[in-house]
Amino acid sequence: PRTIAYSLERLRARLPDASVIVVDDSADEYIADLSKFEVSHLLLDFDSGLSRGRNIGISHVQSEFFLLHDDDQFPAGDFDLASVVDTLQTLPVIDAAGGREDDTPPVFDSFEMTDERILVQYRETAWSSVGKGADAVKLFHMVQNQTLWRTQNFRRKKLSWTPELKVGEHVDFFYRYRGLINVIYSPA
C-alpha cells in the first residue's frame, strides 16, 4: 500500500487531472485505500499477475494515449510527456514512446529482477528508423516499463501480455511483437 500511494502521489503532482486506472491483485491485507487519489481501482483475484492486470487495465482506457507503469517504477522527471505526445501525434506510425525511469522509489515487499537490468543495454539500441535525414526518428525493440502508448494502435494491432506470465512478461511482450510495433525511446 505504501508503494502504490507513493507512486500515486507523484503521479497526481505531475498530472493532477489525468484519468488513472489502478489494477490491483494484492492479498486482502495489502489492498490500499486509494479514494483520496480519485482513481479507478480495479481489484483482481489475489496473485492474478502483472500480465493479466495490464490487459484488464488497458481494456478500460478511454483516452487517445495511456501511460503504462508499475507502482515501483516511475518516469524520470525529465520525461517530457507533452513533447512525447506531440511526437506521437506528428508520427501516427509510432505506437509507443518509452523513457528513462527515476530511481526506484522506496519499495516495500517487492523484489528486483536482475535479468531486467542486463536487458536495459539492449533496449536502448536502435534497430531502424522512421523518416529520413535530420527528421528521422530511431526505433527500438524494447523500452522501460513506463511507456506512453497510442490506444488506437494498441487495440488495432491486438496487443496483449501473455496472461499466464507473472515474471519476464515485459521481455516476452516486446519480443513477441518485434517488427509489428514501432517504439521510440525518449531520453527527455
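Just so you know, these numbers come straight off a predicted model, no measurement behind them.

Attention now goes to the nonpolar core. Ranked by internal contacts, the top residues of the largest apolar core, which has 19 residues, are F66, W149, F154, L159, F173, F174 and I181. Those elements that provide at least two residues to this core are β3 (65–68), α6 (169–176) and β8 (183–186). No other element matches the 3 residues that α6 contributes to this core. Aside from chain neighbours lying at most four places away, what touches L159 is W149, F154, F173, Y177, L180 and I181. Formed by 12 residues, the second largest nonpolar core is a distinct cluster that contains L81, V84, A97 and V137.

For the rest of this paragraph, the subject is the side chain of N153. Its place among the elements puts N153 in helix α5 (residues 151–156). One polar contact links N153 to D95, side chain to side chain, over a distance of 2.8 Å. Excluding its chain neighbours within four sequence positions, the residues that come into contact with N153 are P92, I94 and D95.

With that settled, consider the environment of S160. Summarising the element assignment, S160 is placed in the loop between α5 and α6. When the C-alpha positions of S160 and R52 are compared, they lie 8.8 Å apart, and in sequence the two are 108 residues distant. Non-local contacts of S160, meaning those with residues more than four positions away in its chain, are made with N55, F173, R176 and Y177.

All right, on to the pattern of salt bridges then. What the rule picks out here adds up to 5 salt bridges. Put simply, K166 and D47 hold a salt bridge, and the shortest N to O gap is 3.1 Å. Of this pair, K166 sits in the loop between α5 and α6 while D47 sits in the loop between β2 (40–43) and α2 (50–59), and the two are 119 residues apart along the sequence. Exposure remark for K166: the relative accessible area of 41% places this residue in the partly exposed category. For D47, a relative accessible area of 39% puts it in the partly exposed group. The closest approach of N and O atoms between R54 and E169, which form a salt bridge, is 3.9 Å.

Parameters and conventions
- Residues numbered from 1 in each chain as written.
- Predicted model: local features only at pLDDT ≥ 70, side-chain atom pairs only at ≥ 80, totals over all residues.
- Heavy atoms only, no water.
- Core = buried A, V, L, I, M, F, W, Y, C linked by side-chain atoms within 4.5 Å.
- Buried < 20%, exposed > 50% of the residue type's maximum accessible area, 1.4 Å probe, protein only.
- Helix = DSSP H or I, 4+ residues; strand = E, 2+ residues; numbered from the N terminus.
- Contact = heavy atoms within 4.5 Å.
- Polar contact = N/O pair within 3.5 Å; in protein donor to acceptor, adjacent residues only side chain to side chain.
- Salt bridge = Lys/Arg side-chain N within 4 Å of Asp/Glu carboxyl O.

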